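Chain residues, written in single-letter form:
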Amino acid sequence: MKSESRGAAIAAMLRERDFLSVEELAGRFEVTTQTIRRDINGLCEQGIARRLHGGIGRPTGRGNVAFQERRVLNRAAKMAIGRTLAARIPDGASVSFGIGTTPQMVAEALMDHQGLKIVTNNLPIALTAAQNPTFEVAIAGGLVRNNDLDVCGSAIEGFFGAYKVDFAVFGVGGVDEDGSLLDFTHEEVQARQAMRANCRRSFLVLDATKFGRPAHVHGGRIDQVDTVFCETALPQAIQDLLAGSRTSFVSCSDEIAGDASSG
């Protein structure tokens, strides 16, 4: 197993455990303690873990998991979603991107495109998109949320409202079984709603862990977006809900299968 894969697995374990010892992790992944310590150093530098005597523990704080930790969680699924959606974006299109790591995977998958116009409040996406000299990038101004690497707040509705883009790409903190879209703050909901109101087609990107996830701020419903992208089949209750709506579903499982067969 590569270091990146071990890091993702360790991050996932930390969501269930308060403490992981170096010895336990070395045995679990069948590598030396020196190798695990290098993995741990990387996770701690990213804010995914904190050092404790003999091992690591969860980072302190409440709310959503830090951006850098979310980036390595379910990475294969998020990359598959990114590639699937990117294939549906034509050169020269205008695209708004919301906060979170799955939208960033979409942006990374678009880097071979030409002439895109990018509108975003997501700092990593803005920095990624700016590396393509044919892209035009507009980024929201305001106070940066250090844990999330984005800009939210009272001015965000006006920022997205200044554009009418072809596609809006956004994630969500969680999806309730009744189809409610959930986030962790009112500012996150405000940004997502502003994006959906100012686009021609809205794309919701989410991996399967978002179903039933207990984010608590409600804003909109899954059957109000144009297309849902996910790496697995949707829960039956969500399938039934979308069956009576105009929302389409795109499965990204073939992209993951392709990764496995080529590995």
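For the structure itself, consult the block above.
Parameters and conventions
- Throughout this document, residue positions are counted from 1 along each chain, in the order its sequence is written.
- For this predicted model, a pLDDT threshold of at least 70 governs which residues receive local features, and a threshold of 80 or more governs which side-chain atom pairs are given and counted, while totals over whole chains, interfaces and linings are taken from all residues.
- Excluding hydrogens and water, the side-chain values take into account all heavy atoms of the structure.
- We call two strands paired when DSSP finds no fewer than two bridges between them.
- The numbering of helices and of strands both runs from the N terminus, where a helix is a DSSP run of H or I of at least 4 residues and a strand a run of E of at least 2.
- Any carboxyl oxygen of Asp or Glu within 4 Å of a side-chain nitrogen of Lys or Arg constitutes a salt bridge here.
- Buried means the residue's accessible area, taken with a 1.4 Å probe over protein chains only, is under 20% of the maximum for its type, while exposed means over 50%, and partly exposed covers the values in between.
- By convention in this document, the label disulfide applies to cysteine sulfur atom pairs within 2.5 Å.

Q: Could you give an account of the sheet that holds strand β11 (residues 180-183), with specific residues and numbers?
A: The sheet built from three strands is open, its strands ordered β10-β11-β13 with antiparallel pairing. Two strands bound the open sheet, and with one partner strand each, they are β10 (174-175) and β13 (217-221). With two bridges connecting them, β10 and β11 associate as antiparallel partners. The residue of β11 that forms the bridge with V175 is L181.

Q: Please give an account of the pattern of salt bridges that cites residues and values.
A: Evaluation of the coordinates by the stated rule reveals seven salt bridges. Between D148 and R145 there is a salt bridge, and its shortest N-O distance comes to 3.8 Å. For D148, a relative accessible area of 10% puts it in the buried group. Three or more residues are tied together by salt bridges with common partners; here these are R145, D148, D150 and E188.

Q: Give a detailed account of the state of the cysteines, specifying residues and quantitative values.
A: Within this structure, the stated rule accounts for zero disulfides. Cysteine C230 shares no disulfide, and the gap to the nearest cysteine sulfur, in C252, comes to 7.3 Å. C252 gets classed as buried once you look at its relative accessible area, which sits at 1%.

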